[in-house]
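Descriptive structure summary
Residues per chain, in single letters:
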Amino acid sequence: SPLTNAIIITFLLFFATITVGWVGSMQNPAVGESLMKLFEKEVAGQMDINNPFDMSVKLFINNFEACLLLFLGGASFGILTIFIMSLNGIVIGAIMEIIHKDHSWAFIAAALIPHGIFEIPAFIISGALGILLAQSLISEWYGGADTAGEAHKLARIFVFYVLPLVVVAACVEAFITPVIIQLVA
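In this report, we go over the structure that sits alongside the text. (Residues numbered from 1 in each chain as written. Predicted model: local features only at pLDDT ≥ 70, side-chain atom pairs only at ≥ 80, totals over all residues. Heavy atoms only, no water.)

Moving on, we get to the side chain of serine 136. Examined against the element boundaries, serine 136 turns out to sit in helix 5 (residues 105-141). Among residues more than four places away in sequence, those in contact with serine 136 are Ala145, Asp146, Thr147 and Glu150. (Helix = DSSP H or I, 4+ residues; strand = E, 2+ residues; numbered from the N terminus. Contact = heavy atoms within 4.5 Å.)

This is how it looks when you write it as structure tokens:
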């Protein structure tokens, strides 16, 4: 199906850019450190880690905005979608490399997997929806599609699949991931 193909493309793009971020940070640790500081300032710095409820709300808002931009970025013929997906992958890869210098693979897994099993699919599905929106726009440009009707179908997928994944990911990241990290650290 077109959605499956778009998910595969988005998945490959995301993991390729994680690799780029990882290798880039390995080759030039200053870049990784800069991305880590930016992440801490823009994302982590906005959260009260001692208040899991507040943290879950802020994580939800942050990730929901990112997913919405990935989806609606399709209206830029996919340019914004691809840019945001790539940027997220590069930042995640670079941060993983920086964290790996001081921590074990078990620590990294504990810090990423509990919420990542919900959050990463939400990002990938959102990116895939953005790609499908872009394809619909391009097809309509050539007289072959109804982008408004297609956008409505894609928005339903976003609401029924992405939104619940983002809610669960935020709750897991705020309430469960910290406990698992403590068990490993």
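Moving on, we come to the pattern of salt bridges. Side chains carrying opposite charge are able to pair once their charged atoms draw close together. The tally for this structure, following the rule as stated, stands at two salt bridges. A salt bridge links lysine 58 to aspartate 54, with the shortest nitrogen-to-oxygen separation between them at 3.3 Å. With a gap of four residues between them, lysine 58 and aspartate 54 both fall in helix 3 (residues 52-72), about one helical turn apart. (Salt bridge = Lys/Arg side-chain N within 4 Å of Asp/Glu carboxyl O.)

This paragraph deals with the packing of aromatic side chains. One pass over the structure, following the stated rule, counts seven aromatic pairs. Considering the side-chain rings of phenylalanine 11 and phenylalanine 15, the 4.6 Å spacing of their centres and the 45° angle between planes classify their relative orientation as tilted. Of this pair, phenylalanine 11 and phenylalanine 15 both sit in helix 1 (residues 2-27), separated by four residues, roughly a single helical turn. By relative accessible area, which is 31% here, phenylalanine 15 ends up partly exposed. (Phe/Tyr/Trp six-rings, centres within 6.5 Å; stacked < 30°, edge-to-face > 60°. Buried < 20%, exposed > 50% of the residue type's maximum accessible area, 1.4 Å probe, protein only.)

On to the environment of leucine 112. When you line up the elements, leucine 112 lands in helix 5. On a C-alpha basis, the gap between leucine 112 and asparagine 50 in space is 19 Å, while along the polypeptide they are 62 residues apart.

Before going further, it helps to spend a moment on helix 3. With 21 residues, helix 3 should reach 30 Å at 1.5 Å per residue; the first-to-last C-alpha distance of 29 Å fits that figure. For helix 3, the set of buried residues is Met55, Ser56, Leu59, Asn63, Ala66, Cys67, Leu70 and Phe71. Projected down its long axis, helix 3 shows its buried positions confined to an angular sector of 135°, all on one face. Turning to helix 3, the residues buried within the fold contact helix 4 (79-102), helix 5 and helix 6 (147-175). (Expected span 1.5 Å × (residues − 1). Arc of directions from axis to C-beta.)

So far we have only geometry, and geometry alone does not tell us how the molecule works.
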